[in-house]
Amino acid sequence: MTAPLRLGTRGSALAMAQSGQIAEALTLATGRAVELVEVVTAGDRSSAPVHRLGVGVFVSALRDALTARTIDFAVHSYKDLPTAAAPGLHIAAVPSRQDPRDALVAKGGRTLAELPPGALVGTGALRRIAQLHALGMQLEVTPIRGNVDTRLGRVLGPDADLDAVVLARAGLARLGRTDVITETLDPMLMLPAPAQGALAVECRIDDPDLVELLAVLDHAPSRAAVTAERALLATLEAGCSAPVAAYGELAEGETGEEIYLRGAVISPDGTRDLRLSRTGTPADAAEIGKALAAELLELGADSILGQEGHAGPGTQQFGSTE
């Protein structure tokens, strides 16, 4: 009998749900049994604001377990991964991406436009905080931490103290909680984080049989979009507290399939909001992201990023805020 593959995962309800979905998909596609192995990360043990936790806090323990061979592969929320490659490890698959947009959950079923001035809105991402400020709606925005249920409880629970929360639609979808969404936010209002809604299936590069086995889960359009978004992020060399957003979409163009990439850098108070877009072929995904980042830098994105500190290449960490 072939031993079950050991899939390392964080222990949160969302992490267990998305890892369980990957395990089921792999077993269905290949017949290989998979068992989940819970790995506690530094981010799980801390109650500090996400943007102050540092680089890789939600992934480093999983990668250590991979290197130590106590697990065979891991599933990450792709936006948690630093942009620099980890030595000896390989992203074997980017499964089909969930809807990457942000979602509003508000009291009374309200939409964003229906929130009154002074409404108290919670979110864990500076990118969202910056964009909410940029809307000029005079909302009171506060950073929050906790798993999905904890954050929903701040609006829907018996001790609710917020008027609304904003979080990733993908996380709610994976937990079967889309019924609580009062509005899925248009990217024109709230551009997602790079790789939001995408998963990364990672294994050791010296295990070619497993690399080949996991490749069955790869979804080429999702990988291309995420590659473009993360190339933009890496070229900007944005630190963990810099509000950077990117969203790549694939569509049929005049000469075949194209990527339409939008990128933004927003100051935390929302007073400076640089947004650009660029198109190209999926084969050039990384170059599209790099070129768009260069254009943003030419317009002064570096001065916005400089306000928040500069962490250097490959050190981006936006936290697990799905």
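Residues numbered from 1 in each chain as written. Predicted model: local features only at pLDDT ≥ 70, side-chain atom pairs only at ≥ 80, totals over all residues. Heavy atoms only, no water.

A. Here's a closer look at the sheet that holds strand E9 (residues 183-184). In space, the five strands of this open sheet follow the order E7-E6-E8-E5-E9, with mixed pairing throughout. Here the strands that pair on one side only, and so sit at the sheet edges, are strand E7 (140-143) and E9. Note that strand E5 (residues 102-106) and E9 share two bridges and pair antiparallel. The partner of Leu104 across the bridge, within E9, is Glu183. Strand contacts of helix H5 (residues 148-156): E5 and strand E8 (164-168), with the helix running at about 155° to E8, the strand carrying the most contacts. (Pairing = 2+ DSSP bridges. Helix = DSSP H or I, 4+ residues; strand = E, 2+ residues; numbered from the N terminus. Contact = heavy atoms within 4.5 Å. Axes fitted to C-alpha atoms, helices over the stretch in contact; angles between N-to-C directions.)

B. Structural view of the sheet that holds strand E2 (residues 34-38). The five strands lie next to each other as E2-E1-E3-E10-E4, forming an open sheet whose pairing is mixed. Two strands in the sheet have a free side with no partner beyond their single neighbour: E2 and strand E4 (89-93). Shown here is a sheet whose adjacent strand axes are inclined to one another by a mean of 35°, direction ignored. When E4 meets strand E10 (residues 199-204), the two strands line up antiparallel, connected through four bridges. When the sheet's bridge partners are listed, His90 is paired in E10 with Cys203. Strands in contact with helix H1 (residues 13-30) are strand E1 (5-9), E2, strand E3 (73-77) and E10; relative to E2, the strand with the most contacts, it is inclined by about 160°.

C. The arrangement of the confidence of the model for the protein in detail. Looking at the protein as a whole, the pLDDT averages 88, with 88% of positions reaching at least 70. Ignoring residues within four places in sequence, the model shows residues 42-55, a span with pLDDT below 50, making 31 contacts including any to other chains. A low-confidence stretch, residues 309-321 stays under pLDDT 50, and its non-local contacts, those more than four residues away or across chains, total 49 contacts. (pLDDT = per-residue confidence, 0-100.)

D. Broad picture of helix H9 (residues 285-298). Across its 14 residues, H9 extends 20 Å between first and last C-alpha, which sits within 8% of the 20 Å expected from 1.5 Å per residue. Those residues of H9 lying buried are Ala285, Ile288, Gly289, Leu292, Ala293 and Leu296. In a view along the axis of H9, the buried residues occupy a sector of 130°, so they form one face of it. Of the residues flanking the end of H9, it is Gly300, one or two places downstream, whose phi is positive at about 105°. (Expected span 1.5 Å × (residues − 1). Buried < 20%, exposed > 50% of the residue type's maximum accessible area, 1.4 Å probe, protein only. Arc of directions from axis to C-beta.)

E. Structural context of the pattern of salt bridges. Within the structure shown, the criterion is met by 16 salt bridges. Of the charged contacts in the structure, one is a salt bridge between Arg63 and Glu202, with a shortest N-O distance of 3.0 Å. Residue Arg63 is located in helix H3 (residues 60-67), and its partner Glu202 is located in strand E10; the two are separated by 139 residues in the primary sequence. The class for Arg63 is buried, based on a relative accessible area of 12%. Residues Asp99 and Arg101 are paired through a salt bridge, measuring 2.7 Å at the closest nitrogen-oxygen approach. Arg101 gets classed as partly exposed once you look at its relative accessible area, which sits at 27%. Among the charged side chains, a salt-bridge network with shared partners connects Arg6, Arg69, Asp72, Arg204 and Asp206. (Salt bridge = Lys/Arg side-chain N within 4 Å of Asp/Glu carboxyl O.)

F. Fine view of the packing of helix H8 (residues 220-236) against H9. At their nearest, the axes of H8 and H9 sit 7 Å apart, and the two run at 35° to each other. For the pair H8 and H9, the crossing hand works out as right-handed. Residue-level inspection shows Ala224, Thr227, Ala228, Ala231, Leu232, Thr235 and Leu236 of H8 in contact with H9, the latter providing Ala285, Ala286, Gly289, Lys290, Leu292, Ala293, Leu296 and Leu297. Per-class residue counts for the contact of H8 with H9 are 11 nonpolar, three polar and one charged. (Left-handed = near helix turned anticlockwise from the far one by under 90°. Nonpolar A, V, L, I, M, F, W, Y, C, P; charged D, E, K, R; others polar.)

G. Main features of unusual backbone geometry. Here the phi dihedral of Gln138 falls at roughly 55°; this positive angle occurs in a residue that is not glycine. When its relative accessible area of 56% is taken as the criterion, Gln138 is described as exposed. Positive phi, close to 70°, is recorded for Ala195, a residue that is not glycine. Relative to the helices and strands, Ala195 is located in the loop between E9 and E10. Judged by its relative accessible area of 0%, Ala195 is buried.

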